[in-house]
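# Observations on the three-dimensional arrangement
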Amino acid sequence: MKKILITGAAGFLGSHLCDRFIREGYHVIGMDNLITGDLKNIQHLFKLEHFEFYHHDVSKFVYVPGQLDYILHFASPASPIDYLKIPIQTLKVGSLGTHNLLGLALAKKSRILVASTSEVYGDPQVHPQTEDYWGNVNPVGPRGVYDEAKRFQEAMTMAYHTYHGLETRIVRIFNTYGPRMRLNDGRVLPAFIGQALRGEDLTIFGDGSQTRAFCYVDDLVEGIYRLLMSDYHQPVNIGNPGEITISEFAEEIIKLTGTKQKVIYKDLPVDDPKQRQPDITLARKLLGWEPKVSRQEGLKITYEFFKNLPKEELYKEHKSF
Ligand code: UDP
């Protein structure tokens, strides 16, 4: 039986990856320090014989006994609110954490896939973003702690590949949504749906003309699975190219939820990218992958998830901050 270590296992993406690899018949070790992750996301897995959980911070030395075939490094705070609240941890998990996991992969002869991000492109001057674009990142802005940690992560991963011959994969993840997102992590989708459910106005930052392209989580997981199984070590964009403005997105959420509230405008956060859309030509060619779930379909499932949460969740701050 193949064994896989998934860091950030109690987070949004990590927990969906745990589900997928359990379904594929793997022995899954989930690891998380639970700063932004939540055990609720994986509680259904604890009863399984082939799931283990290690409560551990990967910025510290990582020990896993026995054979290890694959590592997925998905531990990291991943929303602008998180980087502002825990900037040092964000830098450490992307740099020291990645180094520890690359070291573990080398010792165990595992194949490792690291979660990078469209944030490596910063506020992009090339549109849509192709993998050969080097980006436009402000290292000392509020997003710098995340963006630069992820850029360092890519450099470190590539160095282990070239210097040690390690089998490495790098996925650049664009905006992704779905059940188990944190309602209060500040990201636009949970923010809008949470506001609609509480009967508050929807807060658009800036004039709402900035764009994003949202990928449903199942599509993302499929892309990551295929990339891990491929033999390609350069970065690959995985995301949904369906680009819309934040204003249009707010209208979609208003329609979906049937809220009677309106939109209100707030200041645009510093260094907020003006436009973002993945060019997925490479993923299509290399992995035969493209997203299958429409925004309409994905948003419906996600709204159902948020609607069914206990009422008090709507008013809760995240426990660890
Ligand atoms: N945004 C917004 N209202 C909110 C939260 C976010 O208008 O309540 C905007 C935000 O400024 C950004 C976009 O929505 O332009 C996506 O933000 P998110 O934090 O979800 O992701 P990222 O900026 O990392 O793509």
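The structure contained in this document is the topic of the report that follows.

Reading the values: rules and limits
Residues numbered from 1 in each chain as written. Predicted model: local features only at pLDDT ≥ 70, side-chain atom pairs only at ≥ 80, totals over all residues. Heavy atoms only, no water. Near = heavy atom within 4 Å. Polar contact = N/O pair within 3.5 Å; in protein donor to acceptor, adjacent residues only side chain to side chain. Areas by Shrake-Rupley, 256 points an atom, 1.4 Å probe, with all protein chains shown as cover. Helix = DSSP H or I, 4+ residues; strand = E, 2+ residues; numbered from the N terminus. Nonpolar A, V, L, I, M, F, W, Y, C, P; charged D, E, K, R; others polar. Pairing = 2+ DSSP bridges. Axes fitted to C-alpha atoms, helices over the stretch in contact; angles between N-to-C directions. Buried < 20%, exposed > 50% of the residue type's maximum accessible area, 1.4 Å probe, protein only. Salt bridge = Lys/Arg side-chain N within 4 Å of Asp/Glu carboxyl O. Core = buried A, V, L, I, M, F, W, Y, C linked by side-chain atoms within 4.5 Å. Contact = heavy atoms within 4.5 Å.

### Brief notes about the site of the ligand
Near the ligand you find 18 residues, and of these Thr203, Phe205, Arg212, Asp272 and Arg276 are the closest. Within the side chain of Asn175, a nitrogen or oxygen atom sits 2.9 Å from an oxygen atom of the ligand. Compared with its free state, where it exposes 520 Å², the ligand has 97% of that area covered by protein. When contributions to the shell around the ligand are tallied by element, the ones reaching two or more residues are helix 5 (188-198) and strand 8 (202-205). Looking at the shell around the ligand, its residues break down into eight nonpolar, four polar and six charged.

### Observations regarding the sheet that holds strand 11 (residues 235-238)
Within the open sheet, the seven strands sit side by side as 3-2-1-4-5-6-11. Their pairing is parallel. Two strands in the sheet have a free side with no partner beyond their single neighbour: strand 3 (51-55) and strand 11. Within this sheet the neighbouring strands show an average axis-to-axis angle of 20°, counted without direction. Pairing of strand 5 (residues 111-117) with strand 6 (residues 168-173) involves six bridges; the strand directions are parallel. Each residue of the ladder has a partner; that of Ser116, found in strand 6, is Arg172.

### Focus: the pairing of strand 11
For a regular strand, the rule is simple: side chains alternate between the two faces of the sheet. Covered by surrounding structure in strand 11 are Pro235 and Asn237 together with Val236 and Ile238, the residues of both alternating faces. Across four bridges, strand 6 lies against strand 11 in parallel orientation. Residue pairing for strand 11: Arg172 is matched across the bridge by Asn237.

### Re the pattern of salt bridges
Taken as a whole and assessed by the stated rule, the structure comprises 23 salt bridges. A salt bridge links Glu119 to Arg143; the nearest nitrogen and oxygen atoms lie 2.5 Å apart. Note that Glu119 is positioned in the loop between strand 5 and helix 4 (144-164) and Arg143 in the loop between strand 5 and helix 4, a separation of 24 residues in sequence. With a shortest N-O distance of 2.6 Å, Glu119 and Arg276 are connected by a salt bridge. Within this pair, whereas Glu119 is found in the loop between strand 5 and helix 4, its partner Arg276 is found in the loop between strand 13 (263-266) and helix 8 (281-287), the two being separated by 157 residues in sequence. In this structure, Glu119 and Arg276 share a single accessibility class: buried. Residues joined in a network through salt bridges with shared partners are Glu119, Arg143, Arg212, Asp272 and Arg276.

### Quick word on the nonpolar core
Counting residues in hydrophobic clusters, the biggest one holds 59 residues, and the most contacted among them are Ile4, Phe21, Leu72 and Phe74. Not counting the four nearest positions on each side in its chain, Leu72 is found in contact with Ile4, Leu5, Ile6, Thr7, Leu17, Phe21, Leu113 and Leu228. Judged by nonpolar contacts, the second largest core, of 22 residues, contains Leu5, Val62, Leu102 and Tyr160.

### What to know about the side chain of Asn237
Structurally, Asn237 can be placed in strand 11. In this structure Asn237 comes out as buried when scored by relative accessible area, which is 0%. Engagement of the side chain of Asn237 in a polar contact is seen with the backbone oxygen of Asp279, the distance being 3.1 Å. With residues near it in sequence (within four places) discarded, Asn237 still touches Tyr121, Gln129, Thr130, Glu131, Arg172, Phe174, Asp279, Ile280 and Ala283.

### What to know about the pairing of strand 5
Buried residues dominate strand 5, accounting for seven of its seven residues. Judged by which residues are buried, strand 5 turns out to be covered on both faces: Arg111, Leu113, Ala115 and Thr117 on one side and Ile112, Val114 and Ser116 on the other are all buried. The pairing of strand 4 (residues 70-73) with strand 5 spans four bridges and is parallel. Paired with Leu72 across the two strands is Leu113, which belongs to strand 5.

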